[in-house]
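# Coordinates in review
Spelled out from the first residue to the last, the chains are:
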Amino acid sequence: MSVNLLRVIGISLLLIFIYIGISLHTAFTAPLVVTEYLFSEQGAYEVFSPLLWFVLAFLCLVKLKLQFSTRILTALAALMLGLREMDLHKSLFEMSFIKTNFYKSPDIALTDKLLGFTLLMVMIYVLVALAKRFYKVLRNIKQDLDISYIYVVFTIGIAALSKVLDRMTSQLNELFDIQLIRSTQVAIMTAEESFEMLLPVLLIVAVLSYRNFKFEK
């Protein structure tokens, strides 16, 4: 890696740590009611997260250096993730169609299950297609990484960490019968919501900064 690329990575990590640090400082020092509201459905994080995904979808569509098929796939993925942040996957039917209980429940109509399954398959197809293209790009790299690749990798890592945090409280209770105190639960929720809002931001930076980001067919 070049020195400039390493410098950008270092600065990016520093900004991420500062951002998460500010969020956690709020969680630990602000009154509990304030923190709970900030990260609730009506709070800034939940309100702005879908908007950022929609901005990303628009930028993907107008980024002419990307192949047309990639522009469509990335815009679709961003749009779907934005709608997910708005809990559309829960409001379309009586329960979320991305969970197995939706298809097992006798209370869900067969037509709803078929529609939910179709939507789920479209989501999986888009995400898998993009993952395969990105993997092929990384495998065929013959020169220094473009900074946009780094931001995509950051996004993948932070998304995985966010998912772990999202399940941590419930899994500790279910698997080990550990019940975290409310302040600790709020701190975990704070980190998880902060990471979730960071995902579209990192991808927006990736789209705006990339120079030779090419997906092979």
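Residues numbered from 1 in each chain as written. Predicted model: local features only at pLDDT ≥ 70, side-chain atom pairs only at ≥ 80, totals over all residues. Heavy atoms only, no water.

### Considering the overall build of the protein
- In terms of helices and strands, the protein carries 9 helices and 0 strands.
- Mapped in sequence order, the helices and strands of the protein form the string α-α-α-α-α-α-α-α-α.
- Residues classed as buried in the protein amount to 39% of the 217 residues present.
- In the protein, 67% of the contacts between residues at least 6 apart in sequence involve partners at least 24 apart.
- In the structure as shown, the protein presents an accessible area of about 13,000 Å², 69% of it carried by carbon and sulfur atoms.
- In the protein, 20 side chains carry a positive charge and 17 a negative one; their mean positions are 15 Å apart. (Helix = DSSP H or I, 4+ residues; strand = E, 2+ residues; numbered from the N terminus. Buried < 20%, exposed > 50% of the residue type's maximum accessible area, 1.4 Å probe, protein only. Contact = heavy atoms within 4.5 Å. Areas by Shrake-Rupley, 256 points an atom, 1.4 Å probe, with all protein chains shown as cover. Lys, Arg positive; Asp, Glu negative; His and termini not counted. Charge placed at Lys NZ, Arg CZ, Asp CG, Glu CD.)

### Quick notes on helix α9 (residues 182-209)
- Its 28 residues give α9 an end-to-end C-alpha distance of 40 Å, which sits within 8% of 40 Å, the value for a rise of 1.5 Å per residue.
- At L198, α9 is deflected by roughly 25 degrees, the largest bend along its length, and proline P200 occurs up to four residues later in sequence.
- With respect to burial, α9 is a largely interior element, 20 of its 28 residues being buried. (Expected span 1.5 Å × (residues − 1). Bend = angle between axes of the 7 residues up to and from the residue.)

### Some remarks on the packing of aromatic side chains
- Under the counting rule described, the total for this entry stands at 6 aromatic pairs.
- Look at Y103 and F117: their rings are 6.4 Å apart centre to centre, the planes differ by 90 degrees, and that puts the pair in the edge-to-face class. On the criterion of sequence distance, the pair formed by Y103 in helix α6 (residues 100-104) and F117 in helix α7 (residues 110-139) is long-range, its members being 14 residues apart.
- The exposure class assigned to Y103 is partly exposed, which follows from its relative accessible area of 25%.
- Using a relative accessible area of 44% as the deciding quantity, one classes F117 as partly exposed. (Phe/Tyr/Trp six-rings, centres within 6.5 Å; stacked < 30°, edge-to-face > 60°.)

### Topic: the UniProt feature "transmembrane region" (unreviewed entry) in the protein
- Under the UniProt annotation, "transmembrane region" (unreviewed entry) lies at residues 5-24, 44-61, 114-135, 147-165 and 197-213.
- Along residues 44-61 one finds 100% helix and 0% strand; the C-alpha atoms at either end are 26 Å apart.
- Segment residues 147-165 splits into 100% helix and 0% strand. End C-alpha atoms: 27 Å apart. (UniProt positions renumbered as here; feature names shortened; annotations may be inferred.)

### Describing the nonpolar core
- One finds I16, L56, F154, I158 and L202 to be the most contacted residues of the largest nonpolar core, which totals 36 residues.
- Breaking this core down by element, the ones donating at least two residues are α1 (3-29), α3 (44-62), α4 (68-85), α7, α8 (147-176) and α9.
- The leading source of residues in this core is α9, at 11 residues.
- The next biggest cluster of nonpolar side chains, apart from the first, holds 6 residues, and it includes A77, M80, V126 and L130. (Core = buried A, V, L, I, M, F, W, Y, C linked by side-chain atoms within 4.5 Å.)

### Points about a nonpolar patch on the surface
- On the surface, F58, L61, V62, F68, I72, L76 and L79 cluster together into a nonpolar patch covering about 620 Å² of accessible area.
- The dominant element in the nonpolar patch, judged by the number of residues it contributes, is α4, at 4 residues.
- Tracing the chain through its elements places F68 in helix α4. (Patch = residues over 30% accessible without salt bridge, like charges linked within 9 Å, V, L, I, M, F, W, Y side chains within 5 Å. Salt bridge = Lys/Arg side-chain N within 4 Å of Asp/Glu carboxyl O.)

### Side note on the side chain of E46
- Considering the arrangement of structural elements, one finds E46 in helix α3.
- One buried charged side chain, E46, makes no salt bridge at all; its nearest oppositely charged neighbour is R84, positioned 8.2 Å away.
- Setting aside chain neighbours within four positions, we find E46 in contact with F39, S40, E41, E85 and E193.

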